[in-house]
Amino acid sequence: YERVYTLPLLTISMSKGTGVVTSVPSDAPDDYVALKEFKEKPLWREKFGITDEMVIPFDVVPVVFIDGYGDKSAEVMCEKLDIKSTKDTEKLKQAKDEVYLKGFYEGVMVVGECVGMKVCDAKPIVRQNMISRNEAIPYFEPESTVISRSGDECIVALTDQWYLIYGDSDWKKAVYDHIHSENFNSYNGKILEQLDFALDWLKEWACSRQFGLGTLLPWDKQWVIESLSDSTIYMSFYTISHILTAENVSVDDLTDEVFDYIYLGKENSNLTISKDILDKLRLEFLYWYPMDLRVSAKDLIPNHLTMCLYNHLEIWKDNPELWPRGIYCNGQIMIDAEKMSKSKGNFLLLVDCVEEFSADATRFALADSGDSLEDANFDRSVANQAITYLFVEEDWIKSIIEEKNTGKLRTGEKTFMDKTLSNEINFLVESTKIEFEKLCFREGLHRCWFDMIIARDIYRDWSNRSDIPWHVDVAFEFINAF
């Protein structure tokens, strides 16, 4: 068509860009239904001031062929789902999701300069050609509305920027191979799954900004390294910070060459710090590294934690034995199944918990709060119950000690029940160790507390019914393990 018209479409967002979008009724269900409504409903045209010549002569122009949908996939889906109006929003969304996914990966261009190519391959070519011919410019916007801490709506500013190319294929492969090797523990299949997703998603990362606190970019002092990029190997600094403070090392002496010696073992005769202190720093770093476990929040998997892996592998690329050995993540913590908030009055500090419930009861409730990536729930009723549990078991242990001191416990050969309890103790100790090593504290708590008590109570019931005293060795084996 030599001339086309700008028509109303109620489903587009007027806050995005110019609010004008290209209409493709052959493959966009919303566009197809909107055009069909204008052609079939004179009153609808009249409402928006649309004349007949603006819509009646126009038929759907095929652009993409999709196997199973033909070259008019939008029309096929609208008929399939019986979509009659632009008000059928749920059906339109379903149709759009299906044809857009199929069209992008399986659709083949039937018009234009990329005829015969898949849409996914043609898209970057068409984009670049349009930019080269000055028919288009790159445009960036947030995926959704972003509100700043000051309450203002954010926009994207196209500025000069420094990037870390995390999408580099060799670098990415090295990280992927490491986290899937026997030298790395993700503790939870979902953590590894999200790390894999982050590796596929993370490509160019803007690593600097021109305001705020932070380290100046060494080769371009007008920029500050942004916080996520500046925090990926600071755990290596934990290993030596106390020595730097104790030895009163000046910041001016902490040159790149000093850190090259401490972290990489690169010798340099021009360092201003004494060799004794340098060797002390180097040995301290090597004592603590590699980092066996990094624990952080699950929302940092797609950025900080993945970048931590990337940067450790790059800086210590010649020393794979110093690469991170494990990452564990958790959600936020709730109080009594509600989000912790000062406004709700359910905000608890760790010291508050210890003062109210005791350290042991707090540990008990925390261990019971959950093991997965879901938000943990600190249940105050569990903490209170734990206090009772602990007092009851303390009294029982005291009674066993008293019975030993008064000679009421049995010695000599062990019965079948003695050996059974002893075996169950060993089994539960090993089961607890396995769960704790996986950082599954709730499961571990069930093994080392509740299952141990069940095993003890079965033995105690047998002892009372048969009027046979506890065997002293079994009793204290249980107490020591408990």
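Source: prediction; values computed, not measured.

1. Examining the overall build of the chain
Working step 1: When helices and strands are counted, the chain shows 17 helices and 11 strands.
Working step 2: Its C-alpha atoms give the chain a radius of gyration of 33 Å, clearly above 23 Å, the size a compact globule of 482 residues would have.
Working step 3: Viewed in the frame of its principal axes, the chain has a C-alpha envelope of about 110 × 75 × 45 Å.
Working step 4: The proportion of buried residues among the 482 residues of the chain is 34%.
Working step 5: Partitioning the intrachain contacts of the chain with sequence separation of at least 6 by distance along the chain shows that 62% fall at a separation of at least 24.
Working step 6: Surface exposure of the chain reaches about 29900 Å², of which carbon and sulfur atoms provide 55%.

2. What about empty space enclosed by the protein?
Working step 1: The final tally for this structure, using the stated rule, is 1 cavity of 30 Å³ or more.
Working step 2: Each pocket or cavity is described by its volume, and for the largest cavity that value is around 50 Å³.

3. As for helix α17 (residues 472–481)
Working step 1: Those residues of α17 that sit buried are Val472, Val474, Ala475, Phe478 and Ile479.
Working step 2: Of the surrounding secondary structure, the elements contacted by the buried residues of α17 are α14 (380–405), α15 (416–437) and α16 (441–466).

4. Let's talk about the pairing of strand β7 (residues 294–297)
Working step 1: Where β7 and strand β8 (residues 327–330) come together, 4 bridges link them in parallel fashion. By the bridge assignment, Arg294 is partnered in β8 with Ile327.
Working step 2: Considered for its hand, the β-α-β crossover made up of β7, helix α11 (residues 301–315) and β8 is right-handed.

5. Digging into the environment of Ala198
Working step 1: Mapped onto the elements of the fold, Ala198 is located in helix α7 (residues 189–201).
Working step 2: For Ala198, a relative accessible area of 1% translates into the label buried.
Working step 3: When the C-alpha atoms of Ala198 and Pro302 are compared, they prove to be 4.9 Å apart, with 104 residues separating the residues in sequence.
Working step 4: Setting aside chain neighbours within four positions, we find Ala198 in contact with Ile301, Pro302 and Thr306.

6. Notes on the nonpolar core
Working step 1: By size, the foremost hydrophobic cluster in this structure holds 44 residues, and its most contacted members are Ile179 and Phe285.
Working step 2: Within the residue set of this core, elements represented by two or more residues are α6 (169–179), α7, α8 (234–246), α9 (256–264), α10 (275–288), α11 and β8.
Working step 3: When residues of this core are assigned to their parent elements, the largest contribution, 7 residues, is made by α11.
Working step 4: Apart from the residues within four sequence positions on either side, Phe285 is in contact with Ser236, Thr239, Ile240, Ile262, Tyr263, Trp316 and Leu322.
Working step 5: Membership of the second largest hydrophobic core comes to 18 residues, among which are Val60, Ile66, Tyr69 and Leu81.

7. Focus: the environment of Ser381
Working step 1: Mapped onto the secondary structure, Ser381 falls in helix α14.
Working step 2: Along the chain, Ser381 and Arg363 lie 18 residues apart, while their C-alpha atoms are 13 Å from each other.

8. Concerning the layout of surface pockets
Working step 1: When its volume is computed, the second largest pocket comes out at roughly 1200 Å³.
Working step 2: Contributing to the lining of the second largest pocket are 32 residues, with Pro218, Ile225, Asp230, Ile233 and Ile315 lying nearest its centre.
Working step 3: Only β3 (163–165), α8, α9 and α11 provide two or more residues apiece to the lining of the second largest pocket.
Working step 4: Among the elements that make up the lining of the second largest pocket, the one with the highest residue count is α9 (5 residues).

9. Structural notes on unusual backbone geometry
Working step 1: The residue after Tyr289, namely Pro290, is reached through a cis peptide bond having omega 10 degrees.
Working step 2: Of note, Pro290 is situated in the loop between α10 and β7.
Working step 3: A positive phi angle is found at Asp82, which is not glycine, with a value near 55 degrees.
Working step 4: Mapped onto the fold, Asp82 is located in the loop between α3 (73–80) and α4 (89–106).
Working step 5: Overall, the relative accessible area of 41% leaves Asp82 in the partly exposed class.
Working step 6: Although it is not a glycine, Asp336 sits at a positive phi angle of roughly 50 degrees.
Working step 7: Relative to the helices and strands, Asp336 is located in the loop between β9 (333–335) and β10 (338–339).

Parameters at a glance
- Residues numbered from 1 in each chain as written.
- Predicted model: local features only at pLDDT ≥ 70, side-chain atom pairs only at ≥ 80, totals over all residues.
- Heavy atoms only, no water.
- Helix = DSSP H or I, 4+ residues; strand = E, 2+ residues; numbered from the N terminus.
- Rg over C-alpha atoms; globule rule 2.2 N^0.38 Å.
- Buried < 20%, exposed > 50% of the residue type's maximum accessible area, 1.4 Å probe, protein only.
- Contact = heavy atoms within 4.5 Å.
- Areas by Shrake-Rupley, 256 points an atom, 1.4 Å probe, with all protein chains shown as cover.
- 1 Å grid on protein atoms, 1.4 Å probe; cavity = no way out; pocket = protein on both sides within 12 Å on 5 of 7 lines; lining within 4 Å.
- Points joined across faces, edges and corners; volume = space filled by probe spheres on them.
- Pairing = 2+ DSSP bridges.
- Right-handed = clockwise from strand over helix to strand, strands pointing away.
- Core = buried A, V, L, I, M, F, W, Y, C linked by side-chain atoms within 4.5 Å.

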